[in-house]
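# Structural description and commentary
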Amino acid sequence: MIVVRYADDLVVGFQHRADAERFLKEFPERLGKFELEVHPDKTRLIEFGRQAWKNRKRGGQAQLATFTFLGFTHYCGENSKGYFQVWRETATTRMRAKLAELKQSLRSRMHESIPETGKWLRRVVQGYYRYHAVPGNIRPLSLFRVRLCRTWRHVLRRRSQTAKVSWDVVGRIVDRWIPAPRILHPYPDSRFDARIRAKSRMR
């Protein structure tokens, strides 16, 4: 089995379904002894992983279930060579929440200078990228940038009743202050391989 935990969020993986069903039955009972309980809407049993992906490919089944953990939606897929790969994309609810937060902040900064707002936005976007820029997540990051640019354009146009900010002007402003997304994190196998090599040298 494999366990990944962060704060009170937990994902547990099993090779055999019977083990997973037993855990799902006994874990809530164990938590109950400490007056704790699992979240009924977030706790579920799904078929996921390399073997499940192979079975689906052979049987022509529908797409496997996904799950959301730490702001990412995880799903089974394949890489460019046709081998199994777990992919992660920014969860839709998380992106919407961040865009709504930025929209509110931009409205409150409506009458600040463009360079001042641009410097602030660049820091925010870079911080967002540092967390979310994992392999396979370029499309959601690009969508995030496009929607943020539209929001900023709308705010700039509202600075004056007669203001006309064209897309050409906005494009230059955006290119100046909001960086395009790029992958910042390695694939898990590369990261783990680096750790193994580091341990080998220490020995």
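Shown above is the structure to which this text applies.
Throughout what follows, the structure given in this document is the object of discussion. Just so it is clear, the model here is predicted, and its values are computed rather than measured.

The rules behind these values
Residues numbered from 1 in each chain as written. Predicted model: local features only at pLDDT ≥ 70, side-chain atom pairs only at ≥ 80, totals over all residues. Heavy atoms only, no water. Axes fitted to C-alpha atoms, helices over the stretch in contact; angles between N-to-C directions. Helix = DSSP H or I, 4+ residues; strand = E, 2+ residues; numbered from the N terminus. Parallel < 35°, antiparallel > 145°, perpendicular 65-115°, else oblique. Left-handed = near helix turned anticlockwise from the far one by under 90°. Contact = heavy atoms within 4.5 Å. Salt bridge = Lys/Arg side-chain N within 4 Å of Asp/Glu carboxyl O. Buried < 20%, exposed > 50% of the residue type's maximum accessible area, 1.4 Å probe, protein only. 1 Å grid on protein atoms, 1.4 Å probe; cavity = no way out; pocket = protein on both sides within 12 Å on 5 of 7 lines; lining within 4 Å. Points joined across faces, edges and corners; volume = space filled by probe spheres on them. Polar contact = N/O pair within 3.5 Å; in protein donor to acceptor, adjacent residues only side chain to side chain. Pairing = 2+ DSSP bridges. Core = buried A, V, L, I, M, F, W, Y, C linked by side-chain atoms within 4.5 Å.

It is the contact of helix H4 (residues 114-132) with helix H6 (residues 167-177), at a shortest axis distance of 9 Å, that shows an interaxial angle of 50°. As summarised for this structure, H4 and H6 are arranged oblique, according to the angle between their axes. As for how H4 packs across H6, the hand of that crossing is right-handed. Of H6, the residues touching H4 (which contributes Ile 114, Pro 115, Gly 118, Lys 119 and Arg 122) are Ile 173, Arg 176 and Trp 177.

With that settled, the discussion passes to the pattern of salt bridges. Applying the stated criterion to the full structure yields seven salt bridges. In this structure, the salt-bridge partner of Glu 101 is Lys 98, at a minimum N-O distance of 3.5 Å. Of this pair, Glu 101 and Lys 98 are both found in helix H3 (residues 92-108), three residues apart, which corresponds to roughly one turn of the helix. A relative accessible area of 22% places Lys 98 in the partly exposed class.

Enumeration over the complete set of coordinates arrives at one cavity of 30 Å³ or more. There is about 50 Å³ of room inside the largest cavity. Considering the residues around the largest cavity, the lining is formed by Leu 106, Arg 109, Met 110, Glu 112, Thr 117, Trp 152, Val 155, Leu 156 and Arg 159. Examining the composition of the lining of the largest cavity, we find that three residues originate from one element, helix H5 (residues 138-157), more than from any other.

All right, on to the side chain of Thr 90 then. Among the structural elements, Thr 90 can be located in strand E5 (residues 84-90). By relative accessible area, which is 6% here, Thr 90 ends up buried. Of note is the side chain of Thr 90, whose polar atom sits 2.9 Å from the side chain of Asn 137. Setting aside residues no more than four positions away along its own chain, Thr 90 makes contact with Gly 71, Phe 72, Met 95, Tyr 128, His 132, Asn 137 and Pro 140.

Attention shifts here to the sheet that holds strand E3 (residues 67-69). The strand order E3-E4-E5 describes an open sheet built from three strands, whose pairing is antiparallel. Looking along the sheet, the strands with just one partner apiece sit at the ends: E3 and E5. Direction aside, neighbouring strands of the sheet carry axes that sit 40° apart on average. Note that E3 and strand E4 (residues 72-78) share three bridges and pair antiparallel. Bridge pairing links Phe 69 to Phe 72 in E4.

With that settled, the discussion passes to the environment of Asn 79. Looking at where Asn 79 falls in the secondary structure, it is placed in the loop between E4 and E5. Taking the C-alpha atoms as reference points, Asn 79 and Gly 136, 57 residues apart in sequence, are found 9.4 Å from one another. Apart from the residues lying within four places of it in its own chain, the contact partners of Asn 79 are Gln 85 and Trp 87.

In terms of nonpolar packing, the biggest core is built from 23 residues, with Leu 106, Leu 121, Tyr 128, Phe 144, Leu 148, Trp 152 and Ile 178 touching the most fellow members. Elements supplying a minimum of two residues to this core: H3, H4, H5 and H6. Tallying contributions element by element places H5 first for this core, with seven residues. Excluding residues within four positions of it along the chain, Leu 121 makes contact with Leu 106, Leu 148, Trp 152 and Ile 178. In this structure, Ala 52, Trp 53, Cys 76 and Phe 84 belong to the second largest nonpolar core, which totals five residues.

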